[in-house]
Amino acid sequence: MSLTVVANRVPIRQTDDGWGISVGGLTTALLPVLEEQGGTWVGMGEEPELSERQEYPADDPNFVVRRVPLSTEELDGYYYGMANQILWPLSHYLIQHLELNRDFIDTYRSVNERFAEAVLEETDGGGDEVIWIQDYHQMLSPGHIRAERPEATIGHFWHIPWPAMEVFRILPWARELLRGMLGCDLIGFHVEEYVDNFVESAETLLGAGVDGNVIRYNGHETRAEAHPIGIEVDRFKEMAHDPSIEEEAQKFRERMGTDNIVIGIDRLDYTKGIHSRMLAFEKFLEENPEYHGEVSFFQIATPSRTELESYQKIRREVDEVVGRINGRFARNSWVPVNYRYRTYTQYELCAFYRAADAALITPLRDGMNVVTQEFITASQDGVLILSELTGAAYLLPEALQVNPYDLNGLAEAIKTALEMPLDEKEERLEGLKQTVDTLDVHNWAGNFLDAL
Ligand code: GDG
């Protein structure tokens, strides 16, 4: 098999020692496959030093990086516009953030065509070729590739929720985008809910023939399947059990200075529910004065898509509520919310996971949410409070599940978590760990490629 991966970004970046791998779930999962059997990764590269086609690693190459260069206008329309201000909010049911701008779809169309052209140049239509496209940035390229290569094997993995058909059809270009996706042989989603929503969208909006999870349209068959993503379990376990992590965790506990620590770790995104979570914590403090001075909330919000107004707005809102809570409740040396707007290393995150008594992971919607799995793997006896509106919730029934819109319910869940008997915590965590072990990201990539 020769693999061509198509993703928004290329997997390498410039480091002090030359080109290096950019760390992330996707590169972790896909690079071992590319390295083993060779192939190509097609994506936009924002670093101007990256040549249009470059072998990696330079001294002993095992795959090719093919860059699709984009102008600032193209990046604005395709990425910040169509992907982040249309497809992202719509798929997360947050349609108040939709910016239905005609220029965005026009640019998205032409950029997807350019990605497809790059794929066609990098492949020759041979029988053992597999093309695997990633995510909502590329809905139209499968259709273009299929038109030129009727025999190609094309897969797509959709990392965010696929919304209910009635929500997806709000898009003026819903049918065109669906037709593009149906150029694939296999489309993967995290959970069955998204598979069902996709199949219903194709059936209702395009009149496609449907037989279970097989969709027939224009003489071509596409399967939709659930392939829940995981984390690099072994690496995370190893890191979590490193004695130095325990020391870091202990130091962190001392810095927080309270018996109870609750954490939240997210990109600062309006889908992640950080603002509601803070309001719920405020309610918890109002209703439970006995916890004043006894609990610290440590929230990391990693800067993300900072160019967009909706992200600047959520930042201001979170700043405001954190300031208000601390202004209202802090006393002596106790600061109720320790808020960090910055990134940390994975090693540091692991120490936070390990030190926490509870993790509050409460997105308003999330395709999967892998922070959940990282916490479960690293934790010893922590409680996971998990939004039922995440893909992860389908797989993790042992979590304390909450509706992220129900602030009273969230506040109650914090109390329940902090007062949960140790044997119940351990029992729940054991069940969660067993599931996360099976979801390993290498299994995810292997299973998807086998199915394709
Ligand atoms: C999309 C879907 C789906 C966060 N802060 C730092 C940092 N992170 C890492 C976490 C985790 C990752 O970023 C975030 O993953 P999520 O799954 O929570 O969310 P999205 O970025 O929205 O990802 C999501 C995922 O794709 C995979 O299919 O689960 O539903 O939205 O790994 O640890 N990492 C480091 N420093 C930070 O400060 N090093």
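In this text, all values refer to a predicted model and were calculated from it rather than measured experimentally.

A few points about the site of the ligand
For step 1, the next point in the chain: Close contacts around the ligand come from 20 residues, with H159, T302, Y344, D366 and E374 the closest.
For step 2, the next point in the chain: Contact distances for the ligand include 3.0 Å between an oxygen atom and a side-chain N or O atom of K272.
For step 3, the next point in the chain: N369 places a polar main-chain atom, nitrogen or oxygen, 2.9 Å from an oxygen atom of the ligand.
For step 4, the next point in the chain: Secondary structure elements with two or more residues in the shell around the ligand: α12 (346-355) and α13 (371-378).

Brief notes about the packing of aromatic side chains
For step 1, the next point in the chain: Taken as a whole and judged by the stated rule, the model has 25 aromatic pairs.
For step 2, the next point in the chain: The interplanar angle of 70 degrees and the centroid separation of 4.9 Å between the aromatic rings of Y79 and Y80 together place this pair among those described as edge-to-face.
For step 3, the next point in the chain: Judged by its relative accessible area of 11%, Y80 falls in the buried class.
For step 4, the next point in the chain: Among the aromatic residues, those joined into a ring-pair cluster are W88, Y136, W158, W162, F168, F189 and F198.
For step 5, the next point in the chain: The cationic tip of R305 hangs over the ring face of W88; the distance from NZ or CZ to the ring centre is 4.2 Å.
For step 6, the next point in the chain: Directly above the aromatic system of Y344 lies the positively charged group of R342, at a separation of 3.7 Å from the ring centroid.

Some details on the environment of K251
For step 1, the next point in the chain: Mapped onto the elements of the fold, K251 is located in helix α9 (residues 243-256).
For step 2, the next point in the chain: Sequence-wise, K251 and G81 are 170 residues apart; in three dimensions their C-alpha atoms are separated by 43 Å.

Here we look at the domain arrangement of the protein chain
You'll often see interface size given as the accessible area lost when the parts meet.
For step 1, the next point in the chain: Per the domain assignment, the segments of the protein chain are domain 1 (2-229 + 442-451) and domain 2 (233-438).
For step 2, the next point in the chain: Taken over C-alpha atoms, the centre of domain 1 sits 31 Å from the centre of domain 2.
For step 3, the next point in the chain: Each partner contributes residues to the interface: domain 1 has 21 residues there, and domain 2 has 23 residues.
For step 4, the next point in the chain: Interface of domain 1 and domain 2: buried area, both sides summed, is about 1800 Å²; carbon and sulfur atoms make up 61% of it.
For step 5, the next point in the chain: It is Y80, W88 and L94 that lose the most area in domain 1 upon contact with domain 2, and together they represent 28% of the buried surface on that side.

The rules we used
- Residues numbered from 1 in each chain as written.
- Predicted model: local features only at pLDDT ≥ 70, side-chain atom pairs only at ≥ 80, totals over all residues.
- Heavy atoms only, no water.
- Near = heavy atom within 4 Å.
- Polar contact = N/O pair within 3.5 Å; in protein donor to acceptor, adjacent residues only side chain to side chain.
- Helix = DSSP H or I, 4+ residues; strand = E, 2+ residues; numbered from the N terminus.
- Phe/Tyr/Trp six-rings, centres within 6.5 Å; stacked < 30°, edge-to-face > 60°.
- Buried < 20%, exposed > 50% of the residue type's maximum accessible area, 1.4 Å probe, protein only.
- Lys NZ or Arg CZ within 6 Å of the ring centre and 35° of its normal.
- Domains from an automatic or database assignment.
- Contact = heavy atoms within 4.5 Å.
- Buried area = accessible area lost by both parts, 1.4 Å probe.

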